[in-house]
Amino acid sequence: MKNYILTLLAVLCFLVSSCSDTRKQYYIGVSQCSDDDWREKMNSEILREAMFYEGVEVEFLLADDDNDKQSADIDYFIEKGADLLIVAPNEADAVTPAVERAFDAGIPVVLVDRKSSSEKYTAFLGGDNLAIGNDVGEYVAELLSGEGRILEIAGLKGSSPAVERHEGFLSAVDGYPGIDVVGTVYSDWTEESAAALMDSLLRAGVYADIVYAHNDRMAIGALETAKRLSSDGMLFVGVDALPGEGNGVDRVLKGDMAATFIYPTCGDKVMQVAMDILQGRDFQRETILSAPLVSRSNARVVLLQEEQIFNLDMKVEKLNGMIDAYLLKYSAQRIILYSVIAVIVLFAAMLVVMIRAYWNGNRLNARLLAQAKELEEQRDRMVGLTKQLEEATHAKLTFFTNVSHDFRTPLTLIADPVETLLEEGGLDERHTSLLRLVNKNVKILLRLVNQILDFRTYENGKMGLTLSGVNLKLSVQEWCNNFRSLALKRHICFDCRIDDDGDWIMDLDAEKIERVFFNLVSNAFKFTPENGAIDVRLSRKVSDDGEFAVLSVADTGSGMSAGHVAHVFDMFYKIDVTHSGSGIGLALTKAFVELHDGTLTVNSEEGNGSRFVVELPVRRNMVSESVETVTPKIAASTVDAELSDIVEPVSSQESGTTVLVIDDNKDIREYIASILKDDYTVIEAVDGQTGLRKAMKYVPDAIICDVMMPVMDGLECCRRLKNELQTSHIPVMMLTACTMDEQRIDGYEQGADSYISKPFSSRLLQVRLKNLIENRCRLRRFFGDNTTLAKESVSDLDKDFAARFRKLIDENLHDSDLSVEMLGEKMGLGRVQLYRKVKVLPNYSPVELLRIARLKRAASLLASSEKTVAEVTYEVGFSSPSYFTKCYKEYFGENPTDLQRRKGK
């Protein structure tokens, strides 16, 4: 049975393989420098000639006169494995490296029309541009009888045809003293550019008897401009002699142009040479094509010949199309035949398999029953495990809830005494600030504990509503007002709109609706960047289900992906670890809305912000009529406590030892600043990206950086700091709430110099920071002793900076105009950045280093040569001998003449 099936498969493989094309395939890439009528004609000739060769594929890429694009096109053909390249270089020098890469990769290269700057090519076909330029020169000189003015409009500067046609033209007219070439201007081979140049020349008063353009398109552009400006009497000569209405030959026949020279496209010959190379036949490496003159006397004959050639081309293409159609029909019939045979073979194989399956059916059924029983047992075990997991989760949540209950008592005992101390006063500013910090974080903890307890109450089905008459319009307006100060600080457009002035008194639980509003708006502020927008809107909606109050909160923040949207209301779910929050707020918000029989939905798109919509049924029962309306309030201190971290601090720019603190928690930043302010100037940043920007601007002496932050985390910030020349020398201390060794290893791999875990001791922070800054002073010995550097903990980037800076000074000692600005420009740094970078390394300013280097060089010259003090002064870059003598004595303790006297003895 097995042998029978293998035999059938072998027959099938044979049938499939017989359908495949066994002809050898050639893939030829054509890189044209531009797209114009002349090159279109060449491309059509290449394609037409390719029809006569079996299994040839030709792909064209146009560079649009762009050197970089043409180089990329050639690299594309190399990567795709072309068998041969046909290249018309845009500019010889610029495209030559790409041509050489192809040649070195073993790909034959045929150059057309233009050459490259090296001998690394297989064959060349094109006109003799020197001879064409010479023939044009002789023709126009004869046309002017040896006397007259000629204007030359050349092609793209740097391209080989433009260079050679210009040189050939000048070599011809140099033999005619009466011929005056009034100018040579360079175009880009296009009609438009030549027209613009001609317009400028004519308006400037430039006149010529004959305008010689390097191709017909430029000649036509200049001709049309001359007609438009009524500049009669000029003759125009071009090169290419393309057929067709409005082209060179047609213009000569109509008398618009005096003459044009045929520049053969030679597409058919190019293809013939290419196939000779690919098929191993002999070929001529250099093929130079002639360029006959087309004047009015022979233009009609040339035009008739081109028309006949065009008609023959059309017939060839038609015949080729018919052949392709016949081949396609034959191929289709063959495929159908082989397909029928394949179906029969497959049917036979399937029949054999079915018979075999029938005999093995009983055994298979037995195995399936056994597997089904085993799956059922596994399902039972999974149900048991799931039940155990649910019980464990419930036990954890119960424990968490009990612990949260226990938190309330110590938090209350902290909060009340702190508030009492603040109310009594009598403390200095620093202690008052620390107490306020404690008070604010106690409130945040209490709010978090209350949220956890409320959610557990809701999950247990024990949460109820305390309904009262709430004026939702007035409440929303007042709640919005508490966020306006924050919006101004963050330059956020905060808009609060209420659609109508109707009756907004509803039966609501005032406290829960206030928390719904606060959670939604505070989230919008957390995820909306500066200069963004937040829109709060209260409107009515009437449907078959009744009347609803609709509260929407929309922002222009980062938005969420569809995966995050699906889980955003889950308990403890967080979009990322870099934004502050517990993951409880939105879950609790949805619970409060659903208690009111309302709905909470979200629409969000990553990068385009989010929009949360709350719909509450409008109910006015006995509660609204009998109880005085309530307007719940959001305390301004609550907004400040929850959202103060997202306000970017104002950085100090004082002098002295500077420390940059990067942390998204405002309280942490303020606490560290209070610890360090007596000894350091402290700059603050709210995230890694802002911190990186400020580090580049201020170049601090040390950086304290949190690990978990929005926008850019601390690890990425540290990596970038250590890879930037301006900041690579700055020691970085990382703050982290995670004690895992893996995270610390990641930090050290990114270049961190030290780690401190939260919570931390203020004394430990001060001592470690002091040691980091003092250890960095070891770098200062580098400029005095090169051997020290290898033993010090110095990055390769700093070593390279120091070496380059010393070399720059040594090379420019003689320049008395050398300044800090010039040094900074050559090093790629600003004046302030260079000063701080250099001051950290050798403890000298750039000016002092430059003066010391000049003085040491001067001492060496005075000791080892017979030069005078004045000669040495100017050689080392001092502007006057008197100033040099003053600086020399201050540094060495003696006059330069004293050294000379000792040497004389």
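Residues numbered from 1 in each chain as written. Predicted model: local features only at pLDDT ≥ 70, side-chain atom pairs only at ≥ 80, totals over all residues. Heavy atoms only, no water.

### As for the overall build of the chain
Okay, so step 1: Tallying secondary structure elements over the chain gives 32 helices and 24 strands in all.
Okay, so step 2: Looking at the chain residue by residue over its 905 residues, the buried ones come to 45%.
Okay, so step 3: By sequence separation, contacts in the chain at least 24 residues apart represent 70% of the contacts at least 6 residues apart.
Okay, so step 4: About 46,700 Å² of surface is accessible on the chain, with carbon and sulfur atoms providing 54% of the total. (Helix = DSSP H or I, 4+ residues; strand = E, 2+ residues; numbered from the N terminus. Buried < 20%, exposed > 50% of the residue type's maximum accessible area, 1.4 Å probe, protein only. Contact = heavy atoms within 4.5 Å. Areas by Shrake-Rupley, 256 points an atom, 1.4 Å probe, with all protein chains shown as cover.)

### Considerations on helix α10 (residues 267-278)
Okay, so step 1: The terminal C-alpha atoms of α10 lie 17 Å apart, and with twelve residues this matches the ideal 16 Å at 1.5 Å per residue to within 8%.
Okay, so step 2: In terms of burial, α10 is a largely internal element, nine of the twelve residues being buried.
Okay, so step 3: By the burial criterion, the buried members of α10 are G267, V270, M271, V273, A274, M275, D276, I277 and L278.
Okay, so step 4: Where α10 is buried, its residues meet β1 (26-32), α2 (37-50), β2 (56-62), β3 (84-87), β4 (109-112) and β5 (123-127).
Okay, so step 5: A positive backbone phi angle near 75° is found at G280, which sits one or two residues after α10. (Expected span 1.5 Å × (residues − 1).)

### With respect to unusual backbone geometry
Trans is the prevailing form of peptide bonds, just as negative phi is the prevailing case for residues other than glycine.
Okay, so step 1: Positioned with a positive phi, D64 is a non-glycine residue whose angle comes to about 55°.
Okay, so step 2: Mapped onto the fold, D64 is located in the loop between β2 and α3 (67-80).
Okay, so step 3: Look at A241: it is not a glycine, yet its phi comes out positive at around 55°.
Okay, so step 4: Among the structural elements, A241 can be located in the loop between β9 (235-240) and α9 (248-254).
Okay, so step 5: For A241, a relative accessible area of 6% gives the class buried.

### Considering the environment of D753
Okay, so step 1: Considering the arrangement of structural elements, one finds D753 in the loop between α23 (741-749) and β24 (754-757).
Okay, so step 2: A relative accessible area of 28% places D753 in the partly exposed class.
Okay, so step 3: As a C-alpha pair, D753 and I730 span 23 residues in sequence and 9.3 Å in three-dimensional space.
Okay, so step 4: In this structure the side chain of D753 is engaged in a polar contact, spanning 3.0 Å, whose partner is the side chain of K722.
Okay, so step 5: Polar contacts involving the side chain of D753 include one to the main-chain amide nitrogen of V732, which spans 2.8 Å. (Polar contact = N/O pair within 3.5 Å; in protein donor to acceptor, adjacent residues only side chain to side chain.)

### Quick word on a negative patch on the surface
Okay, so step 1: A contiguous patch of negative charge, built from D35, D37, E40, D64, D65, D66 and D68, is present on the exposed surface.
Okay, so step 2: Tracing the chain through its elements places D66 in the loop between β2 and α3. (Patch = residues over 30% accessible without salt bridge, like charges linked within 9 Å, V, L, I, M, F, W, Y side chains within 5 Å. Salt bridge = Lys/Arg side-chain N within 4 Å of Asp/Glu carboxyl O. Lys, Arg positive; Asp, Glu negative; His and termini not counted. Charge placed at Lys NZ, Arg CZ, Asp CG, Glu CD.)

### So, the nonpolar core
Okay, so step 1: I28, V56, V110, V136 and M271 are the most contacted members of the largest nonpolar core, which totals 45 residues.
Okay, so step 2: For this core, the element with the most residues is α10, which contributes seven residues.
Okay, so step 3: Those residues in contact with V56, other than ones at most four positions away along the chain, are Y26, I28, A50, M271 and M275.
Okay, so step 4: C480, F494, M506 and L520 belong to the second largest nonpolar core, which has 43 residues in total. (Core = buried A, V, L, I, M, F, W, Y, C linked by side-chain atoms within 4.5 Å.)

### Observations concerning the sheet that holds strand β11 (residues 286-289)
Okay, so step 1: In spatial order, the strands read β2-β1-β3-β4-β5-β11; together these six strands make up an open sheet with parallel pairing. With partners counted over all chains shown, the strands left at the sheet margins are β2 and β11, one partner each. Put simply, the sheet's adjacent strands are angled 15° from each other on average, direction ignored.
Okay, so step 2: Each of β1, β2 and β4 is contacted by α2, which is oriented at about 170° to β2, the strand it contacts most. (Pairing = 2+ DSSP bridges. Axes fitted to C-alpha atoms, helices over the stretch in contact; angles between N-to-C directions.)

### Notes on the packing of helix α21 (residues 688-698) against helix α22 (residues 714-723)
Between two packed helices, both the angle of their axes relative to each other and the distance between the axes serve to describe the pair.
Okay, so step 1: Relative to each other, α21 and α22 sit at 20°, their axes nearing to 9 Å. On the basis of their axis angle, the class for α21 and α22 is roughly parallel. The handedness of the crossing between α21 and α22 is right-handed. Between α21, through G688, L692 and A695, and α22, the contact on the second element is made entirely by C717, R720 and L721.
Okay, so step 2: Of the residues contributing to the contact of α21 with α22, the split by class is four nonpolar, one polar and one charged. (Parallel < 35°, antiparallel > 145°, perpendicular 65-115°, else oblique. Left-handed = near helix turned anticlockwise from the far one by under 90°. Nonpolar A, V, L, I, M, F, W, Y, C, P; charged D, E, K, R; others polar.)

### A few points about the pattern of salt bridges
Okay, so step 1: Within this structure, the stated rule accounts for 33 salt bridges.
Okay, so step 2: The shortest N-O distance in the salt bridge between R228 and D199 comes to 3.1 Å. Taken as a pair, R228 in helix α8 (residues 216-228) and D199 in helix α7 (residues 191-203) lie far apart in primary sequence, 29 residues in all.
Okay, so step 3: The class for D199 is buried, based on a relative accessible area of 15%.
Okay, so step 4: A salt bridge links R281 to D276, with the shortest nitrogen-to-oxygen separation between them at 2.8 Å.
Okay, so step 5: Connected through salt bridges with shared partners, the residues K115, E119, R285 and E286 form a single ionic network.

### Some remarks on the environment of K473
Okay, so step 1: Relative to the assigned elements, K473 resides in helix α14 (residues 472-489).
Okay, so step 2: Residue classification places K473 among the buried residues on the basis of a relative accessible area of 19%.

### Some words on the state of the cysteines
Okay, so step 1: One pass over the full model with this rule turns up zero disulfides.
Okay, so step 2: Not part of a disulfide, C705 finds its nearest cysteine sulfur in C717, a span of 4.5 Å. (Disulfide = S-S within 2.5 Å.)

### Remarks on the pairing of β3
Okay, so step 1: Burial along β3 is two-sided: the face carrying L84 and I86 and the face carrying L85 and V87 are both buried.
Okay, so step 2: Pairing of β1 with β3, which is carried by four bridges, proceeds in the parallel orientation. Note that in β3 the partner of G29 across the bridge is L85.
Okay, so step 3: Where β3 and β4 come together, three bridges link them in parallel fashion. Across the sheet, L85 pairs through a bridge with V109, a residue of β4.
Okay, so step 4: Taken together, β3, helix α4 (residues 92-104) and β4 form a β-α-β motif whose crossover is right-handed. (Right-handed = clockwise from strand over helix to strand, strands pointing away.)

### Re the side chain of D113
Okay, so step 1: Tracing the backbone through its elements, the reader meets D113 in the loop between β4 and β5.
Okay, so step 2: Within the structure, D113 has its side chain in polar contact with the side chain of R39 (distance 2.6 Å).
Okay, so step 3: Each residue touching D113, except ones within four places of it in the same chain, is listed here: W38, R39, F124, L125, G126, N129, P161 and Y263.

### Digging into the pairing of strand β10 (residues 259-262)
Okay, so step 1: Inspection of the sheet shows β9 paired to β10 by four bridges, in the parallel sense. Within β10, the position partnered with G238 by the bridge is T260.
Okay, so step 2: Read from β9 through α9 to β10, the crossover connection turns out right-handed.
Okay, so step 3: Summarising the sheet, β10 and strand β12 (residues 293-295) pair through three bridges and their orientation is antiparallel.

### A few points about the packing of α2 against α10
Okay, so step 1: For the pair α2 and α10, the least separation of the axes is 7 Å and the interaxial angle reads 45°. As summarised for this structure, α2 and α10 are arranged oblique, according to the angle between their axes. Remark: the crossing between α2 and α10 carries right-handed chirality. Counted together, M42, E45, I46, E49 and A50 of α2 and G267, D268, M271 and Q272 of α10 form the full contact between these two elements.
Okay, so step 2: Taken together, the residues that form the contact of α2 with α10 break down as four nonpolar, two polar and three charged.

### So, a nonpolar patch on the surface
Okay, so step 1: A cluster of nonpolar side chains, F347, L351, I355, Y358 and W359, forms an exposed patch at the surface whose accessible area comes to about 670 Å².
Okay, so step 2: Along the polypeptide, Y358 turns up in helix α11 (residues 299-359).

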